[in-house]
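Residue-level listing of the chains:
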Amino acid sequence: MKCAAIIPAAGIGTRFGGSMPKQFSEYESIPILIHTLKLFERINEVTSVIVAITPSWEDYTNEMISIHGLNKVNKIIAGGMERQDSVFNALITLGTNVYDIILIHDAVRPFVSPELVRKIILLSNEFGAVIPALKPKETIKQIDENGMVQKTLDRSVLCAVQTPQGFKKGIIFSAYKKAMEENFYATDDAALVEFAGFPVKVIDGEETNIKITTQFDIQF
Ligand code: C5P
């Protein structure tokens, strides 16, 4: 079972502020993106990593990859307008021939445990599409554009979804093909798989697997 990881890292991070995209800001003197890539170096099941970035960050990314001795990044490609475009570019680069399982993981989630990544790889082979998620602790309300509550949702049937998301090759390629042909955009990869009519298995995520989005997250 050959497994590749796609790391979308081409966002500009408007919610983060600051002079650089959040994936390049540093935690313990190392860019967040590099923390994330280091994690995949430790996971033997993953033999190849593709990173999507904004082209102006290519030289810096290459330099960091070499300084930190990362061996699995076999391609750095240009991202697109939306996260989905960045992942699509990476899938096209990867091609359909070599890998059985494709993991897609946000560059800004450096704290996922290797155990969870391995579990997702294993279960992807069984279920075809696997995502980690947490049940919300708070009550969730649907609101309108004026901040007025429209209704209170039943939190027992809701979950907040994380990455990595794992897919069998055939499923993720046909889901992306259909979504891009029909101009269907969503904020995670599993939504495209759902749109294409495939089942998606949810497993327990990790509270520590935070998505670094604001300055507070990085301090936290
Ligand atoms: O914007 P958001 O927080 O959802 O981004 C999640 C991940 O997708 C980040 O790692 C970001 O760099 C990446 N992304 C991308 N291409 C875009 C937008 C976001 O690769 N056009």
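Fair warning: this is a prediction, and the values are worked out from it, not measured in the lab. (Residues numbered from 1 in each chain as written. Predicted model: local features only at pLDDT ≥ 70, side-chain atom pairs only at ≥ 80, totals over all residues. Heavy atoms only, no water.)

Engineer: How should I be thinking about helix α3 (residues 83-94) in this particular structure?
Structural biologist: Residues spaced three or four apart along an α-helix face the same direction, because each turn holds 3.6 residues. For α3, built from 12 residues, the straight-helix expectation of 16 Å at 1.5 Å per residue is met to within 8% by its first-to-last C-alpha distance of 17 Å. For α3, the full list of buried residues reads Q84, D85, S86, V87, A90, L91 and L94. Summarising the contacts, the buried residues of α3 are in contact with β1 (3-9), β4 (46-53), β5 (73-78), β6 (101-104), α5 (169-181) and α6 (189-195). (Helix = DSSP H or I, 4+ residues; strand = E, 2+ residues; numbered from the N terminus. Expected span 1.5 Å × (residues − 1). Buried < 20%, exposed > 50% of the residue type's maximum accessible area, 1.4 Å probe, protein only. Contact = heavy atoms within 4.5 Å.)

Engineer: How should the site of the ligand be read in this particular structure?
Structural biologist: Of all residues adjacent to the ligand, which total 16 residues, the nearest are P8, A10, G11, G80 and S86. Contacts to the ligand include R83, whose backbone N or O atom sits 3.4 Å from a nitrogen atom. At 2.7 Å, a side-chain N or O of S86 approaches a nitrogen atom of the ligand. In the complex, the protein chains occlude 86% of the 460 Å² of accessible area that the ligand would expose alone. Contributing elements (two or more residues each) for the shell around the ligand: β1 and α3. Tallied by class, the residues present in the shell around the ligand amount to 6 nonpolar, 4 polar and 6 charged. (Near = heavy atom within 4 Å. Polar contact = N/O pair within 3.5 Å; in protein donor to acceptor, adjacent residues only side chain to side chain. Areas by Shrake-Rupley, 256 points an atom, 1.4 Å probe, with all protein chains shown as cover. Nonpolar A, V, L, I, M, F, W, Y, C, P; charged D, E, K, R; others polar.)

Engineer: Any chance you could explain helix α1 (residues 32-41) here in plain terms?
Structural biologist: Within α1, 8 of the 10 residues are buried, leaving the element largely enclosed by the surrounding structure. Listed as buried for α1 are I32, L33, I34, H35, T36, L37, L39 and F40.

Engineer: What exactly am I supposed to notice about the pattern of salt bridges here?
Structural biologist: Opposite charge on two side chains permits them to pair, given that their charged atoms come into close proximity. Scanning the model with the defined rule gives 7 salt bridges in all. R83 is the salt-bridge partner of D106, the closest N and O atoms lying 2.9 Å from each other. Residue D106 is found in the loop between β6 and α4 (114-127), and its partner R83 is found in helix α3; the two are separated by 23 residues along the sequence. On the basis of relative accessible area, D106 is assigned to the buried category, the value being 8%. We note a salt bridge from K177 to E181, for which the minimum N-O separation is 3.2 Å. With K177 and E181 both in helix α5 and 4 residues apart, the pair spans about one turn of that helix. Judged on exposure class, the residue K177 and its partner E181 are both exposed. Within the structure, one salt-bridge network assembled from shared partners comprises R83, D106, R109 and D189. (Salt bridge = Lys/Arg side-chain N within 4 Å of Asp/Glu carboxyl O.)

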